[in-house]
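Structural overview
Residues per chain, in single letters:
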Amino acid sequence: MTQDGMPEQFDVIVTPARELRGELRAQPSKNYTTRYLLAAALAEGETRVVGVATSEDAAAMLRCLRDWGAGVDLVGEDAVIRGFGVRPRPGVTLNPGNAGAVARFLMGVSALTTRTTFVTDYPDSLGRRPQGDLLGALERLGAQVSSDGGRLPITISGPVRGGPLEVSAERSSQYASALMFLAPLLPQGLDLHLTGDIKSHAPLRQTLDTLSAFGIRWTATEDLRRVTVPGAQAYRPGRVLVPGDYPGSAAILAAAALLPGEVRLSNLREDDLQGEKEAVNVLREMGADIAREGDTLTVRGGRPLRAVRRDGDSFTDAVQALTAAAAFARGQTTWENVATLRLKECDRISDTRAELERLGLRASETDSSLSVEGLDSEERGAEALGRGARLPGGVRVSGHGDHRMIMLLTLLGLRAAAPLTVSGAHHIRKSYPQFFRHLESLGAKFEYVALPDERP
Ligand SMILES: O=C(O)C1=C[C@@H](OP(=O)(O)O)[C@@H](O)[C@H](O)C1
Ligand SMILES: C=C(OP(=O)(O)O)C(=O)O
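Residues numbered from 1 in each chain as written. Chains lettered and ligands numbered in written order. Predicted model: local features only at pLDDT ≥ 70, side-chain atom pairs only at ≥ 80, totals over all residues. Heavy atoms only, no water.

As recorded in an unreviewed UniProt entry, the protein goes by 3-phosphoshikimate 1-carboxyvinyltransferase and comes from Deinococcus reticulitermitis. UniProt, in its Pathway (unreviewed entry) section for the protein, records the words "Metabolic intermediate biosynthesis; chorismate biosynthesis; chorismate from D-erythrose 4-phosphate and phosphoenolpyruvate: step 6/7." Under the heading Sequence similarities (unreviewed entry), UniProt records this for the protein: "Belongs to the EPSP synthase family." (UniProt positions renumbered as here; feature names shortened; annotations may be inferred.)

For the rest of this paragraph, the subject is the sheet that holds strand E14 (residues 239-241). The four strands are arranged E4-E5-E3-E14 in an open sheet whose pairing can be described as mixed. Edge positions in the sheet fall to strand E4 (71-75) and E14, since each of these pairs with one other strand and no more. Ignoring which end each strand starts from, the neighbouring axes of this sheet average 20° apart. Pairing of strand E3 (residues 46-50) with E14 involves three bridges; the strand directions are parallel. Across the sheet, residue Val-50 finds its bridge partner in E14, namely Leu-241. (Pairing = 2+ DSSP bridges. Helix = DSSP H or I, 4+ residues; strand = E, 2+ residues; numbered from the N terminus. Axes fitted to C-alpha atoms, helices over the stretch in contact; angles between N-to-C directions.)

Turning our eyes to something else, we now look at the site of ligand 1. Close to ligand 1 lie 13 residues; Ser-172, Ser-173, Ser-200, Asp-317 and Lys-344 are nearest. Contact between ligand 1 and Asn-31: an oxygen atom at 3.5 Å from a side-chain N or O atom of the residue. Lys-344 places a side-chain nitrogen or oxygen 2.7 Å from an oxygen atom of ligand 1. Contact with the protein chains covers 95% of the free accessible surface of ligand 1, which is 390 Å². Because more than half of its atoms lie within 2 Å of the grid, ligand 1 is assigned to the largest cavity. Put simply, the parts of the chain that give the shell around ligand 1 at least two residues each are helix H1 (30-42) and helix H3 (100-109). When residues of the shell around ligand 1 are assigned to their parent elements, the largest contribution, three residues, is made by H1. Grouping the constituent residues of the shell around ligand 1 by class yields three nonpolar, six polar and four charged. When residues of the shell around ligand 1 are assigned to domains, at least three fall in each of domain 1 (10-27 + 245-450) and domain 2 (30-241). (Near = heavy atom within 4 Å. Polar contact = N/O pair within 3.5 Å; in protein donor to acceptor, adjacent residues only side chain to side chain. Areas by Shrake-Rupley, 256 points an atom, 1.4 Å probe, with all protein chains shown as cover. 1 Å grid on protein atoms, 1.4 Å probe; cavity = no way out; pocket = protein on both sides within 12 Å on 5 of 7 lines; lining within 4 Å. Sits in = over half its atoms within 2 Å of the grid points. Nonpolar A, V, L, I, M, F, W, Y, C, P; charged D, E, K, R; others polar. Domains from an automatic or database assignment.)

One can describe the packing of helix H8 (residues 278-286) onto helix H9 (residues 319-326) by two numbers: an axis separation of 11 Å at closest approach and a directional angle of 10°. As far as their axial angle goes, H9 and H8 are roughly parallel. Contacts between H8 and H9 involve Ala-279, Val-282, Leu-283 and Met-286 from the first element and Leu-322, Ala-325 and Ala-326 from the second. Here the residues of the contact of H8 with H9 sort into seven nonpolar, no polar and no charged. (Parallel < 35°, antiparallel > 145°, perpendicular 65-115°, else oblique. Contact = heavy atoms within 4.5 Å.)

Across the interface, H3 lies against helix H4 (residues 132-141) with an axial gap of 10 Å and an inter-helix angle of 5°. When the interaxial angle is binned, H3 and H4 end up roughly parallel. Of H4, the residues touching H3 (which contributes Arg-104, Met-107 and Gly-108) are Leu-134, Leu-135 and Leu-138.

According to UniProt, the feature "active site" (unreviewed entry) maps to Asp-317 in the numbering used here. Relative to the assigned elements, Asp-317 resides in the loop between strand E19 (309-311) and H9. A residue is classified by how much of its surface remains accessible, and Asp-317, at 12% relative accessible area, is buried. Every residue in contact with Asp-317, bar those within four places of it in the chain, is listed here: Pro-247, Glu-276, Lys-344, Arg-348 and Arg-404. (Buried < 20%, exposed > 50% of the residue type's maximum accessible area, 1.4 Å probe, protein only.)

Another point: the site of ligand 2. Taken together, 14 residues sit near ligand 2, with Gly-100, Ala-101, Arg-129, Arg-404 and Lys-430 positioned nearest. Here an oxygen atom of ligand 2 sits 3.5 Å away from a polar atom, N or O, in the side chain of His-403. Within the side chain of Lys-430, an N or O atom sits 2.8 Å from an oxygen atom of ligand 2. A molecule is said to occupy a pocket when more than half its atoms come within 2 Å of that pocket's grid points, and by this definition ligand 2 occupies the largest cavity. Breaking the shell around ligand 2 down by element, the ones donating at least two residues are H3 and helix H11 (403-414). In the shell around ligand 2, the residues fall into two nonpolar, four polar and eight charged. Both domain 1 (10-27 + 245-450) and domain 2 (30-241) contribute no fewer than three residues apiece to the shell around ligand 2.

Right, dumping it as structure tokens:
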């Protein structure tokens, strides 16, 4: 058993729910937690990061920063970091777990060291994700790099001086973000040219926002094609406050929209750069009743939903949660421009299609899009129970070791007629360790089936 009272590794049996009702405070943002912790370590002096996430990705960043020589103290819900500035410890092996953003940001910064090695204990997930675009950019800057064909394990040795540099932002924005974190500490800074069809603009803006919060100067074109960060700057230590997490909250909002009842979710700023904030508007466009009062959203659930066709790139980490809503919407929903979903913890296009089909839904894919036919449009195999159609359920689906897939499948289970088993549900801890507890507090019921202790 772990601190949260759940087994170390578990499948979850999702019991169909009749309604969801209650109040929650959104967990701290994953993307801001990783960014603020890293920037704090790059500052000389002490920074208090107020209200850090407690997820595995946050723990991975803290572990790596500690291994690199930062002072890390957890004080209540805050992290107090004594930074190593421009001097992370050389010759260290870092293990970022399964955290893509953590791995990539640290790889960028590792050009400050004479040698850093990156390994992962998730060879089938992070180990398969491509790093070549970032490694190539670091090599063009003068770093020595060795890798397994552009994948982990990877060793990077600096130093590098800086100057003009091209980096592709087509597969992931995290490569460019990594270089932005490195840039101010180089003698010449970086004049970045982002090439290809830039994806995930929102996290890039969160990186620039973080640099500003730590006193770093930069300029960028509106389209983020060019980002210039002058060199020889210093990250300024201080105090930063982590905002609420939109990607995880999108799953709560979608769950609340799918079932009768009323759910209030606080700690979600309207003035926020997280792209997944758009999930609120997407759900509204689908017909959900969501009202905002300051930082609090209230969902009055159980209304009929209709399908949408949207470019999903701006809310990449909410696509899975919104797919759960789409599964019960009238008509066919399509998420366009989501090719990068194939490069996340699993292939979030093909693996989603497979699991939806296993549940009796009709779904289809192209290289860069995912479509699902909502149950209400056909009522195939559906059973009217309470308000709206329900999936038959009664099957076992795979979480694919991916927290966002686990959220999607759990939501589908809440609106099934019979219980649904989601395998490997402990991987929820990557970004949202309290996900099941939060839903329980709203009235959902889960059974946790312990698995033999096999990593990962
Ligand atoms: O910069 C970040 O913190 C992130 C960027 C996004 O990835 P991509 O840029 O690969 O789309 C997002 O999916 C990920 O969860 C976090
Ligand atoms: C893809 C994700 O994270 P990362 O790329 O940081 O592993 C995510 O949180 O959905």
